[in-house]
Amino acid sequence: MNTILIKNISLKNRIVDVLIEGNVFKQIEPEIKDVNADKIIDGTNRAIIQPFYNMHTHSSMTLLRGYGDDMRLFEWLSEYIWPEEAKLTAEDIYNGTRLAIVEMIRSGTVFFLDMYWHHQEIIRAAQEMKVRASVGVTFIEERGKKEIEDNIKFINNFKSPSNRITINVAPHAIYTVGKDLYQELYLISKVRGLKLNTHLAETVNEVNDCKKANNNLTPTEYLESIGVLDENTIAAHCVHLTEHDAEILSSKGVTLVHNPCANMKLASGAFNVPLINKYDCRVCLGTDGTSSNNNLSMLEEMKFAALLAKVSYHDTSLLSANQVFAWATKNGAETMGLNAGKIKEGMLADCLIVNLNNDRLIPNNNLISNWVYSADSRCIETVICDGNILMENYIIPNEEEILEKAKRKIS
Ligand SMILES: [Zn+2]
């Protein structure tokens, strides 16, 4: 079994040795002796920290980065994004996903929950680059019966290429998927033991349209009324929630995914942190797609989340560094049923090696505070996922070729 020994590294302000055997943290001790490891990493002046689990993105939208920015939402979608998305080929999606994964690895993310087209290409890219992924098989009713049938067939016949890759059932949103299909997809997700991944309550328009069409029910109340909310459901955005909505989401065990950068850039609104704290909802963090962010850095996402909460509710104590760090790391791993998200013996070997000599981390008064409010991806030297080294000393295999292939300009 492949072994990696990391020597003299700081873990929560203690200097330890960390032994990775296969894909788990085998031993964490002040000193590990008599081990003939395949690889030894010197951890001096470095810290080991859990990586990020990006719980909502559309990875290959990297190809649309910087296209049609600063437009009004509907104009942006209808005149820029949707027509351009329609032109993306399977090969484009593969190349865009690989670019996204380079960006994720460099900024410390080892897992992403995706929702997009050409799911096979996203699976191929994630498998090749050895990250973890839950790839959405995405449903939009307007795309026609044939695609819906093909998607369902794909879900029913899916065999994962590795323990790192799974799929999820992704009805896009209540305004693109009707009641019958939502319910059918919910049942399929139950039978197959897969997550149901959807957008929810992202904009005021969505709420108003839903109320108009459904007897004054909010989007959350509507989904509850059709019976598709439970601990298997992952709902992205959840910006516009009432007290009753938060109560439903909490009691049903739904996972909420906060995407502060996209919510700010698209002027959707501010995630109601006091409300979700009050009802003790489970929350994770996501970047959303690149065209509404415009990058995939979970470091930035944590900072924006904390600042947006503080300024929106005039409360500097709201959404502490520790709380938002948990949203970005262990909450995601837990939601996905991964025994990961902490640096602990017996858990899956996902970790970052962080350079404590980086200017952004000096002085090291509080690493988590520095991590949320000060760090950038230059602080991340090495990335390990499932016991595999994805980036070592800032080097990602094949990076040059991956970046070159993704330089697709919109004409
Ligand atoms: Zn989204």
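Residues numbered from 1 in each chain as written. Predicted model: local features only at pLDDT ≥ 70, side-chain atom pairs only at ≥ 80, totals over all residues. Heavy atoms only, no water.

(A) Representation of the overall build of the chain in the model. The secondary structure content of the chain amounts to 15 helices and 16 strands. Relative to a compact globule of 411 residues, whose C-alpha radius of gyration would be 22 Å, the chain shows 21 Å and is just as compact. With the principal axes as the frame, the chain shows a C-alpha extent of 65 × 45 × 45 Å. When contacts within the chain are restricted to residue pairs at least 6 apart in sequence, long-range pairs at least 24 apart make up 71% of them. Accessible surface, the chain as shown: approximately 17,300 Å² in total, 48% of it carbon and sulfur. Between the averaged position of the 42 positive side-chain charges in the chain and that of its 53 negative side-chain charges there is a distance of 2 Å. (Helix = DSSP H or I, 4+ residues; strand = E, 2+ residues; numbered from the N terminus. Rg over C-alpha atoms; globule rule 2.2 N^0.38 Å. Contact = heavy atoms within 4.5 Å. Areas by Shrake-Rupley, 256 points an atom, 1.4 Å probe, with all protein chains shown as cover. Lys, Arg positive; Asp, Glu negative; His and termini not counted. Charge placed at Lys NZ, Arg CZ, Asp CG, Glu CD.)

(B) Main features of the packing of aromatic side chains. Tallied over the full model, the rule gives seven aromatic pairs. Between the aromatic rings of Phe154 and Phe158, the centroid separation amounts to 5.7 Å while the plane-to-plane angle is 40°, which identifies the pairing as tilted. Over the ring of Tyr94 we find Arg124; its NZ or CZ atom is 3.6 Å from the centre of that ring. Across from the ring centre of Trp117, 3.7 Å away, lies the NZ or CZ of Arg143, which sits over that ring. (Phe/Tyr/Trp six-rings, centres within 6.5 Å; stacked < 30°, edge-to-face > 60°. Lys NZ or Arg CZ within 6 Å of the ring centre and 35° of its normal.)

(C) Looking closely at the coordination of the zinc ion. Protein coordination at the zinc ion: the donors are His56 (NE2), His58 (NE2), His199 (NE2) and Asp288 (OD), at 2.1 to 2.5 Å from the metal. Angles of 82 to 172° at the metal separate the four donor atoms of the zinc ion, which places the site in the irregular class. Coordination of the zinc ion draws on donor residues from a single chain, spaced H-x1-H-x140-H-x88-D in sequence. Placement of His56 in strand 6 (residues 52-57) and of His199 in strand 10 (residues 196-200) is noted, with a sequence separation of 143 residues between them. The pair His56 / His199 is uniform in exposure class, with both members buried. (Donors = N, O, S within 2.8 Å, 3.2 Å for Na, K, Ca; no water. Tetrahedral: all angles 85-135°; square planar, octahedral: opposite > 155°, others 65-115°. Buried < 20%, exposed > 50% of the residue type's maximum accessible area, 1.4 Å probe, protein only.)

(D) Inspection of the environment of Asn355 at higher detail. Within the element layout of this structure, Asn355 appears in strand 14 (residues 351-355). For Asn355, a relative accessible area of 16% corresponds to the buried category. For the pair Asn355 and Thr382, spaced 27 residues apart in sequence, the C-alpha separation works out to 9.0 Å. Setting aside its immediate chain neighbours within four residues, Asn355 contacts Asn45, Arg46, Leu361, Cys379, Glu381 and Tyr394.

(E) Layout of the environment of Val18. Topologically, Val18 is positioned in strand 2 (residues 14-21). Judged by its relative accessible area of 0%, Val18 falls in the buried class. Each C-alpha atom, one on Val18 and one on Ile48, is 9.1 Å from the other, the two residues being 30 residues apart in sequence. In contact with Val18, not counting residues within four places along its chain, are Ile4, Leu5, Ile6, Ile9, Phe25, Gln27, Ile28, Ile32 and Ile48.

(F) Spotlight on the nonpolar core. The biggest cluster of nonpolar side chains holds 115 residues, and the ones touching the most others in it are Ile105, Phe139, Leu223, Leu256, Met302, Trp327 and Trp371. Both domain 1 (3-48 + 354-399) and domain 2 (52-335) contribute no fewer than three residues apiece to this core. Within the second largest apolar cluster, 16 residues are counted, among which are Ile6, Ile9, Val16 and Ile384. (Core = buried A, V, L, I, M, F, W, Y, C linked by side-chain atoms within 4.5 Å. Domains from an automatic or database assignment.)

(G) Structural view of the domain arrangement of the chain. Domain boundaries assigned for the chain yield domain 1 (3-48 + 354-399) and domain 2 (52-335). Between the C-alpha centres of domain 1 and domain 2 the distance comes to 30 Å. Across the contact, 20 residues belong to domain 1 and 24 residues belong to domain 2. Across the domain 1/domain 2 interface, buried area totals approximately 1,900 Å², and carbon plus sulfur atoms make up 66% of it. Our count for the contact surface shared by domain 1 and domain 2 stands at two salt bridges. Across the pair Asp386 and Arg132 runs a salt bridge whose closest N-O atoms are separated by 3.0 Å. At the junction of domain 1 with domain 2, the criterion picks out six residue pairs in polar contact (both at pLDDT 80 or more). (Buried area = accessible area lost by both parts, 1.4 Å probe. Salt bridge = Lys/Arg side-chain N within 4 Å of Asp/Glu carboxyl O. Polar contact = N/O pair within 3.5 Å; in protein donor to acceptor, adjacent residues only side chain to side chain.)

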